[in-house]
Amino acid sequence: NFLFELPMPDTAVQTYYLRFATSGSLQIGPHLHTERELSIENMYAEIGYGLFFGALLIMIGYNLFLFFSLWDRAYLAYVLVILFNLLVQASFSGHINQYFLGNTPVLANGSIPLFMAGAGLTMNFFAISFLGTRHFARGMHRILMGLLVLAALDMLLVFFLPARLTISLAGLIVMVTSLMMIVAGVSSLANGNKSARYFLLAWVVLLAGVLITSLRNFGLLTPNFLTVNSIKIGAIMEVILLSMALSDKYNLFKKEKETTQAKMLHMQQEANKVLEEKVQERTLQLAEAYEELSSTMVVIEQERQK
């Protein structure tokens, strides 16, 4: 959101002309505020962004701790997904440009497709790691790997091509990847991967937020709190649901491990029982054979004495 100071004396009518130009999509929602009204509105907006970015940073730290505790690469992939999600949202909100790029439009324009392509890359990496597509969805595995390579290529092209081209490609990659996440989740779930349940729900929620934003951008929905913040709401819900998915995956793995250990223990107990029965049977046979041998020896001894 760009800010222009307009001197407006009470004694005369003033006419102002604004010209806008962009290499991407353009949505203009002009608002007129007094300085005090703008300060109050900006304060509440920054509190909201602080809560949003703070929640994502907490989730990054928490899942990074889990990664170093469990050494499961799905947690590392999830950390990267949250990180690039944060960077994309911070780029769109202008915080990256304001605090890190020194209000440089060229760098700001380049950062958006760079982070969007990175988001597409990490989304595919996470899906491959979490869903185990190599085993549960082999056809989708090849598609996700292709999208991952394409996203990595777009990250390189950011430094050589105009932003309008790379951001269009990045947007296409993210859109296709989001759809493929749902297809991969359904395929993995159908092939027996129970941990895909929350994963599937997370991407449905995020796509709902993207759809609402797209409808607002095309003028089909009026701007309000929900339509303006639908992607942020969807992103937070996605982070929560994917965390639940990882927790569910770990619990399922733990349960399967305990079930396997219980089966192995039962099999070992059964084997010990069978072995014990065989030992007892063999001992009885040896005892009977010993008695027969003793009786035979007694008879032989008696015959010798005669």
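Everything that follows concerns the structure shown earlier in this document.
Nothing here was measured: the structure is a model prediction, and the numbers come from that model. (Residues numbered from 1 in each chain as written. Predicted model: local features only at pLDDT ≥ 70, side-chain atom pairs only at ≥ 80, totals over all residues. Heavy atoms only, no water.)

Undergrad: Which residues make up the overall build of the protein, and what are the values?
TA: Within the protein, the secondary structure is distributed over ten helices and zero strands. If you list the helices and strands of the protein from N to C, you get α-α-α-α-α-α-α-α-α-α. For the protein, with 306 residues in total, the buried portion stands at 31%. Sequence-distant contacts, at least 24 apart, represent 68% of the contacts inside the protein between residues at least 6 apart. In the structure as shown, the protein presents an accessible area of about 20500 Å², 65% of it carried by carbon and sulfur atoms. (Helix = DSSP H or I, 4+ residues; strand = E, 2+ residues; numbered from the N terminus. Buried < 20%, exposed > 50% of the residue type's maximum accessible area, 1.4 Å probe, protein only. Contact = heavy atoms within 4.5 Å. Areas by Shrake-Rupley, 256 points an atom, 1.4 Å probe, with all protein chains shown as cover.)

Undergrad: A description of the side chain of Thr 177 should follow, citing residues and the corresponding values.
TA: With respect to the helices and strands, the residue Thr 177 is situated in helix 7 (residues 163-190). Residue class for Thr 177 comes out buried when judged on its relative accessible area of 0%. The contacts of Thr 177, once residues within four sequence positions are left out, are Gly 120, Met 123, Asn 124 and Leu 147.

Undergrad: How would you explain helix 2 (residues 73-93) if you had to name every residue and give the values?
TA: Spanning 21 residues, helix 2 covers 30 Å between terminal C-alpha atoms, matching the ideal 30 Å at 1.5 Å per step. Directly after helix 2, the chain includes Gly 94, whose backbone phi takes a positive value near 95°. (Expected span 1.5 Å × (residues − 1).)

Undergrad: Run through the nonpolar core, naming residues and quoting values.
TA: Counting residues in each nonpolar core, the largest one holds 54 residues, and the members touching the most others are Tyr 78, Phe 126, Leu 144 and Phe 199. Mapped onto this core, the elements with two or more residues apiece are helix 1 (35-70), helix 2, helix 4 (105-131), helix 6 (138-157), helix 7, helix 8 (196-217) and helix 10 (230-305). Excluding residues that lie within four positions of it along the chain, Phe 126 makes contacts with Ala 74, Ala 77, Tyr 78, Val 81, Leu 131, Phe 199, Leu 242 and Leu 246. (Core = buried A, V, L, I, M, F, W, Y, C linked by side-chain atoms within 4.5 Å.)

Undergrad: Before we move on, could you go through a nonpolar patch on the surface and cite the residues and values that matter?
TA: On the surface, Phe 2, Phe 4, Leu 6, Met 8, Tyr 16, Leu 18, Phe 20, Ile 28 and Leu 32 cluster together to form a nonpolar patch covering roughly 980 Å² of accessible area. Within the secondary structure, Leu 18 sits in the segment before helix 1. (Patch = residues over 30% accessible without salt bridge, like charges linked within 9 Å, V, L, I, M, F, W, Y side chains within 5 Å. Salt bridge = Lys/Arg side-chain N within 4 Å of Asp/Glu carboxyl O.)

Undergrad: Now, about a negative patch on the surface: what can you tell me, with residues and values included?
TA: On the surface, a cluster of negative charge is contributed by Glu 270, Glu 276, Glu 277 and Glu 281. Note on placement: Glu 281 falls in helix 10. (Lys, Arg positive; Asp, Glu negative; His and termini not counted. Charge placed at Lys NZ, Arg CZ, Asp CG, Glu CD.)

Undergrad: I'd like a rundown of the packing of aromatic side chains, residues and numbers included.
TA: Under the counting rule described, the total for this entry stands at four aromatic pairs. Put simply, the rings of Tyr 49, Phe 52 and Phe 53 pair up and form one aromatic cluster. (Phe/Tyr/Trp six-rings, centres within 6.5 Å; stacked < 30°, edge-to-face > 60°.)

Undergrad: Residue-level account of the environment of Phe 115, with values.
TA: Note on placement: Phe 115 falls in helix 4. For the pair formed by Phe 115 and Ala 170, sequence separation is 55 residues and the distance between their alpha carbons is 8.8 Å. The residues touching Phe 115, leaving out its near neighbours within four places in the chain, are Phe 84, Leu 87, Val 88, Ser 91 and Ile 96.

Undergrad: Report on the packing of helix 4 against helix 7, specifying residues and quantitative values.
TA: Direction vectors running N to C along helix 4 and helix 7 enclose 15°, while the axes themselves pass 9 Å from each other. The orientation of helix 4 relative to helix 7 falls into the category roughly parallel. The element helix 4 and its partner helix 7 pack so that their crossing is left-handed. Looking at the contact of helix 4 with helix 7 residue by residue, the class counts come to 14 nonpolar, nine polar and no charged. (Axes fitted to C-alpha atoms, helices over the stretch in contact; angles between N-to-C directions. Parallel < 35°, antiparallel > 145°, perpendicular 65-115°, else oblique. Left-handed = near helix turned anticlockwise from the far one by under 90°. Nonpolar A, V, L, I, M, F, W, Y, C, P; charged D, E, K, R; others polar.)

Undergrad: How would you explain the side chain of Asn 97 if you had to name every residue and give the values?
TA: Looking at the secondary structure, you find Asn 97 in helix 3 (residues 95-99). In this structure Asn 97 touches Gly 102, Asn 103, Thr 104 and Ala 108, once residues within four positions along its chain are discounted.

Undergrad: With reference to specific residues and values, describe helix 7.
TA: Relative to the 40 Å expected for 28 residues at 1.5 Å per residue, helix 7 spans 40 Å between its end C-alpha atoms, a close match to the ideal helical length. Within helix 7, the full set of buried residues consists of Thr 166, Ala 170, Ile 173, Thr 177, Ser 178, Met 180, Met 181, Ala 184, Gly 185 and Ser 188. Just past helix 7, the residue Gly 192 takes up positive phi, approximately 105°.

Undergrad: Could you give me a rundown of the packing of helix 1 against helix 2, with the residues and numbers involved?
TA: Between helix 1 and helix 2, whose axes approach to 8 Å, the crossing angle comes to 160°. The angle between helix 1 and helix 2 falls in the class roughly antiparallel. Regarding helix 1 and helix 2, the two cross each other, and that crossing is left-handed. Residues Tyr 49, Phe 52, Phe 53, Leu 56, Leu 57, Met 59, Ile 60, Asn 63, Leu 64, Leu 66, Phe 67 and Leu 70 of helix 1 touch helix 2, and the partners they reach there are Arg 73, Tyr 75, Leu 76, Tyr 78, Val 79, Ile 82, Leu 83, Leu 86, Gln 89, Ala 90 and Ser 93. Tallied by class, the residues present in the contact of helix 1 with helix 2 amount to 19 nonpolar, three polar and one charged.

Undergrad: Can you explain the environment of Leu 179? Please cite residues and give values.
TA: Position of Leu 179 relative to the elements: it lies in helix 7. Residues Leu 179 and Val 204 lie 25 residues apart in sequence; the distance between their C-alpha atoms is 9.0 Å.

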